[in-house]
Amino acid sequence: MEKVREIVREGRRVGKEDPRRVVHAFKVGLALALVSSFYYYQPLYDNFGVNAMWAVMTVVVVFEFSVGATLGKGINRAVATLVAGGLGIGAHHLASLSGPTIEPILLAIFVFVQAALSTFVRFFPRVKARYDYGILIFILTFSLISVSGFREDEILDWAHKRLSTVIMGGVSCVLISIFVCPVWAGQDLHSLIASNLDTLSHFLQEFREEYFEATDDGDIKEVEKRRKNLERYKSVLNSKSNEEALANFARWEPRHGQFRFRHPWQQYLAVAALLRQCAYRIDALNSYLNSDFQIPMDIKKKLEEPLRRMSSEAGKSLKEMSISLKKMTKSSSSDIHVLNSQSACKDLSTLLKSGILNDVEPLQLISLTTTVSLLIDIVNLTEKISESVHELASAARFKNKMKPTASLKKSDSVSIGRAAVPIKSHDSDDHVVTILCDADVSNTVDQSRGETSVDSCHHVAIKIDDDDLVHEKHEVGEIHAHTSCVSCDPSDASDVLDSSNKRINSSN
């Protein structure tokens, strides 16, 4: 009785993890019930006879969880059965011309040659990834027809019935898989990559608090909970096989939703590979959180500000990429956080060159510099991930996210896209206008001219008048930004910024 309860609990757990599994089980049952009618319904049985069982066998081996996997297996099985059937009949006919003595010898040679060659071809990586099942069915079908033809007189009729029942079973699987609660492998791959981005982002944003906070062992359960929550990144380390399988299945799928027939699935694997590299660095970084040898907090505090910024900005960048990927929109928000993390790296480099760690003991210095090195690697990988996600967004034709917006704040630089120009001011604090411009701006401008362009960018020349330098009556200075939009290539960005900077300086 206890075993029955355990099985029930396990069934509930599996169903709760992914409710689609329950639906898939009913879909397989429905497909088997339909093709079984070939055997139960007398008129159909009179036409196909015992060969009707091939339809049942086809459903059992072809019906998979996703549409892509089912469609791939179904096409592989149908084509392999057709080709092997034709070649098997041809081999039987050719062997029969040699007489009853030589016929079995020729048939044995034909079976040996095709089985040896087909088995060798299965070792080819590309063939094994997509057509391995088809080649296996080809070997089986050719051998059955060749051998059976030696004793069977009506081999052509037998091959026709088998091919017909296999196709009927495969079509039943494909139709039910597509039209009854379909599970798309492409959607699963897309969601998996977005989820992995979010998982790594979570660790980096939590790392700054874990690393610079004193460990409190008072509540052991709470510490274990936080540690387990922090180690969610480990799922990314072992996701390669799942990602490659989903990408392979997705290539078989027809167009659905925003996923086109020739969707850039290979680019998803490129992003996934970079994420795994980042996860390996994070795994090494996590070992320093759980190490028995801990650096004193007063030494960590010396590098706290740049390390916090590096970890936080890298995490925010991955979070922005995850959001844009989930919504299938183009966004440049992550680039800002990448630049901020790189700026923190430069600040850290300056701080280290100042000799701030000269009085640190060697073992503590090794541990601290290793942590710093890993964080720098993660920041560099974050930039590569951002570039790869942008390539994916362009190849997949994601929608443009935002219209140009301007935000006014006090800082020491003007940021346009990825460039920064310092502004000199008579005030102690400098004013900045940050323009975030996305690809849809270029579309709007070019369409007004009767053209369409996706790759061109628009840079904004800015002139700032600080009214509180002229009118001392104002308690808070007003900033008037006069913008003129010009279209240029990325290579011309520096020229635009230089001319903008000259106008700003002349106005001051």
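These numbers come from a predicted model, not from an experiment. (Residues numbered from 1 in each chain as written. Predicted model: local features only at pLDDT ≥ 70, side-chain atom pairs only at ≥ 80, totals over all residues. Heavy atoms only, no water.)

A. Representation of the packing of helix α16 (residues 304-327) against helix α18 (residues 362-395) within the structure. Where α16 contacts α18, the two axes come as close as 10 Å, and the packing angle between them is 20°. On the basis of their axis angle, the class for α16 and α18 is roughly parallel. Read as a crossing pair, α16 and α18 show a hand that is left-handed. On α18, the residues touching Leu307, Met310, Ser311, Ala314, Ser317, Leu318, Met321 and Leu325 of α16 are Val372, Leu375, Ile376, Val379, Thr382, Ile385, Ser386, Val389 and Leu392. (Axes fitted to C-alpha atoms, helices over the stretch in contact; angles between N-to-C directions. Helix = DSSP H or I, 4+ residues; strand = E, 2+ residues; numbered from the N terminus. Parallel < 35°, antiparallel > 145°, perpendicular 65-115°, else oblique. Left-handed = near helix turned anticlockwise from the far one by under 90°. Contact = heavy atoms within 4.5 Å.)

B. Seen up close, the side chain of threonine 58. Summarising the element assignment, threonine 58 is placed in helix α5 (residues 53-62). Residue classification places threonine 58 among the buried residues on the basis of a relative accessible area of 1%. Look past the residues within four positions of threonine 58 in its chain and what remains in contact with it is Phe63, Arg77, Val166, Gly169, Gly170 and Cys173. (Buried < 20%, exposed > 50% of the residue type's maximum accessible area, 1.4 Å probe, protein only.)

C. Highlighting the confidence of the model for the protein chain. Taken residue by residue, the protein chain gives an average pLDDT of 78. The fraction at 70 or more is 76%. Here strand β8 (residues 479-488) is the element of the protein chain with the lowest mean pLDDT, 35, and helix α13 (residues 240-250) is the one with the highest, 94. Confidence over residues 403-508 falls short of pLDDT 50; this stretch has 152 contacts with residues more than four positions distant or in other chains. (pLDDT = per-residue confidence, 0-100.)

D. Region of interest: the environment of alanine 314. Residue position: alanine 314 is located in helix α16. Taking C-alpha positions, alanine 314 is 8.1 Å from glutamine 205, a pair spaced 109 residues apart along the chain. Those residues in contact with alanine 314 that lie beyond four places of it in its chain are Leu204, Arg309, Ser341 and Thr382.

E. Spotlight on the side chain of lysine 27. Position of lysine 27 among the secondary structure elements: in helix α2 (residues 20-35). Put simply, lysine 27 is tucked away with no salt bridge, and the nearest opposite charge, on glutamate 253, sits 10 Å away. With sequence-adjacent residues up to four places away left out, lysine 27 is seen in contact with Phe63, Ile176, Ser177, Val180, Cys181 and Pro182. (Lys, Arg positive; Asp, Glu negative; His and termini not counted. Salt bridge = Lys/Arg side-chain N within 4 Å of Asp/Glu carboxyl O.)

F. How the structure looks around the UniProt feature "transmembrane region" (unreviewed entry) in the protein chain. Summarizing the sequence annotation, UniProt attributes the feature "transmembrane region" (unreviewed entry) to residues 21-40, 52-71, 105-124, 131-151 and 163-185 in the numbering used throughout. Across residues 21-40, the secondary structure splits into 95% helix and 0% strand, with the terminal C-alpha atoms separated by 28 Å. End-to-end, the C-alpha atoms of residues 105-124 are 30 Å apart, and along that stretch the chain is 85% helix and 0% strand. (UniProt positions renumbered as here; feature names shortened; annotations may be inferred.)

G. Representation of the pattern of salt bridges. Under the defined criterion, the tally for this structure stands at 20 salt bridges. Linking arginine 308 and glutamate 209 is a salt bridge whose minimum nitrogen-to-oxygen distance equals 3.3 Å. Of this pair, arginine 308 sits in helix α16 while glutamate 209 sits in helix α10 (residues 185-211), and the two are 99 residues apart along the sequence. Looking at arginine 308, the relative accessible area reads 22%, which means it is partly exposed. Among the charged side chains, a salt-bridge network with shared partners connects Arg208, Glu209, Lys301, Glu304 and Arg308.

H. Fine view of helix α9 (residues 155-179). Under the 1.5 Å per step criterion, the end-to-end length of α9 is 36 Å for 25 residues, consistent within 8% with the ideal 36 Å. Two residues or fewer past α9, cysteine 181 is found with a positive phi of approximately 45°. (Expected span 1.5 Å × (residues − 1).)

I. Quick look at the packing of aromatic side chains. Counting across every chain of the model gives 8 aromatic pairs. Between tyrosine 131 and tryptophan 252, the aromatic rings sit 6.1 Å apart at their centres with planes inclined by 85°, giving edge-to-face as the arrangement. In this pair, tyrosine 131 sits in helix α8 (residues 125-149) while tryptophan 252 sits in the loop between α13 and α14 (265-289), placing the two residues 121 residues apart along the sequence. Taken together, the ring pairs connect Phe203, Phe207, Tyr211 and Tyr233 into an aromatic cluster. The lysine or arginine in question, lysine 73, covers the ring of tyrosine 133, its NZ or CZ lying 4.9 Å from the ring centre. (Phe/Tyr/Trp six-rings, centres within 6.5 Å; stacked < 30°, edge-to-face > 60°. Lys NZ or Arg CZ within 6 Å of the ring centre and 35° of its normal.)

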